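# Breakdown of the fold
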Amino acid sequence: MTSNTPILKAQAIQKSFDGNTILNGVDVVLEKGEIIVLIGPSGGGKSTLLQCINCLVIPDDGQIELEQQPIDFSNKQDLYRLRQQVGMIFQEFNLFDHLTALDNITIALRKVKKLDRNTAEKRARLELEQVGLGEKGDLYPAQLSGGQKQRVAIARALAMDPKILLLDEPTSALDPDLIGEVISVIKNLAAKGMTMIMATHQISLISTLADHILFMENGQIVESGTPKELLAKGNVNKTQGFCDRLNELATGEQ
Ligand SMILES: Nc1ncnc2c1ncn2[C@@H]1O[C@H](COP(=O)(O)OP(=O)(O)OP(=O)(O)O)[C@@H](O)[C@H]1O
Ligand SMILES: [Mg+2]
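In this report, we go over the structure that sits alongside the text. As the structure is a computational prediction, the values presented were derived from the model and not from experiment. (Residues numbered from 1 in each chain as written. Chains lettered and ligands numbered in written order. Predicted model: local features only at pLDDT ≥ 70, side-chain atom pairs only at ≥ 80, totals over all residues. Heavy atoms only, no water.)

## Quick look at the sheet that holds strand S5 (residues 69-70)
Spatial strand order, S2-S1-S4-S5: four strands in an open sheet with antiparallel pairing. Of all the strands in the sheet, the pair left with one neighbour each is strand S2 (20-31) and S5. Sitting on the sheet, helix H1 (residues 46-53) touches strand S1 (6-17), S2 and strand S4 (61-66), and the angle it makes with S2 is about 60°. Seen against the sheet, helix H2 (residues 76-85) touches S1, S4 and S5 and runs at an angle of roughly 60° to S4. (Pairing = 2+ DSSP bridges. Helix = DSSP H or I, 4+ residues; strand = E, 2+ residues; numbered from the N terminus. Contact = heavy atoms within 4.5 Å. Axes fitted to C-alpha atoms, helices over the stretch in contact; angles between N-to-C directions.)

Shown next, in the form of structure tokens:
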């Protein structure tokens, strides 16, 4: 359910690497409670866009507003505010290998949120329970499956109380039999009303979770609409073609 209040607006985002234009005037408007799904061919700019949205990569041009407040890309306080409120989940989990699952979560709570050890651990255990890993807090990433690592990464992001979660192909590094557990955690988040932008090739996430689909190609959004609009029977468009191919792949794998 969305509330019509834009929580985040990215406008005319422009980014080049080594003289190559990667994002060429991208606009994203995200409402509170909304789920936007980014799809499109490899190299189209999805990951770069997600990284620009929380300024892990600073856009060359364009504007970002969080809750109607513009972000000044050269102002450290603004970047801090943005990154505090916009959590990120990566394809490769990005956990610290030398820390237990629990400490992967407590470290930011203690260093950034300045919680004491007990309070941080309590919160971390709660988040681990939420993703079905209540018993795994003392294990190191090497002792966890890919699906479990990704769920720790999700718990870590949620512990920071983000207003928005960005997910960059959260299931694509996982073996097929581990994808389901991460999908179910993401569906739980959606059911709780979490605001998200997610790049994914998982057809079940695209068709059941998206309020809005953005199809990116060559650094631009070339199609945009609700799944109902874009995936109506008989439609011929890029989104439809892309999802048909994903469906064929999914059926072929069974
Ligand atoms: N740090 C970087 N330096 C140079 N080029 C980069 C950098 N990051 C991304 N690119 C280039 O930007 C283009 C878009 O990459 P991006 O990862 O955003 O695409 P994508 O849509 O996420 O692709 P995929 O579906 O494969 O994940 C690619 O051509 C990539 O090589
Ligand atoms: Mg990518």
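Past the structure itself, the notes keep going.
## With respect to the environment of Thr 119
Here Thr 119 is to be found in helix H4 (residues 117-130). On the basis of relative accessibility, which here comes to 37%, the residue Thr 119 falls in the partly exposed class. Taking the C-alpha atoms as reference points, Thr 119 and Ile 35, 84 residues apart in sequence, are found 31 Å from one another. (Buried < 20%, exposed > 50% of the residue type's maximum accessible area, 1.4 Å probe, protein only.)

## Description of the site of ligand 1
Looking at ligand 1, the residues that line it are Phe 17, Asp 18, Ile 22, Pro 41, Ser 42, Gly 43, Gly 44, Gly 45, Lys 46, Ser 47, Thr 48 and Glu 169. Backbone polar atom of Gly 45 to an oxygen atom of ligand 1: 3.0 Å apart, as the coordinates give it. One of the side-chain nitrogen or oxygen atoms of Thr 48 is found 2.5 Å away from an oxygen atom of ligand 1. Surface burial for ligand 1 is 59%, taken as the share of its 640 Å² of free accessible area covered by protein chains. Here the shell around ligand 1 takes three residues from H1, the largest share from any one element. (Near = heavy atom within 4 Å. Polar contact = N/O pair within 3.5 Å; in protein donor to acceptor, adjacent residues only side chain to side chain. Areas by Shrake-Rupley, 256 points an atom, 1.4 Å probe, with all protein chains shown as cover.)

## Details of the packing of aromatic side chains
Tallying each qualifying case throughout the model produces one aromatic pair. When the centroid spacing of 5.7 Å and the interplanar angle of 90° are considered together, the rings of Phe 215 and Phe 242 count as edge-to-face. Of the two residues, Phe 215 is situated in strand S9 (residues 212-217) and Phe 242 in helix H9 (residues 238-253); the sequence distance between them amounts to 27 residues. For the pair formed by Phe 215 and Phe 242, the shared burial category is buried. (Phe/Tyr/Trp six-rings, centres within 6.5 Å; stacked < 30°, edge-to-face > 60°.)

## Describing the pattern of salt bridges
All told, the structure shown has seven salt bridges when counted by the stated rule. Salt-bridge contacts for Arg 123 lead to Asp 161; the nearest nitrogen and oxygen are separated by 2.9 Å. Here the residue Arg 123 occupies a position in helix H4, and Asp 161 occupies one in the loop between helix H5 (146-159) and strand S7 (164-168), the gap between them amounting to 38 residues. Take Arg 123: its relative accessible area is 22%, and that puts it in the partly exposed class. Asp 161 sits in the partly exposed class, given a relative accessible area of 45%. Among the charged side chains, a network of salt bridges with common partners joins Arg 123, Glu 127 and Asp 161. (Salt bridge = Lys/Arg side-chain N within 4 Å of Asp/Glu carboxyl O.)

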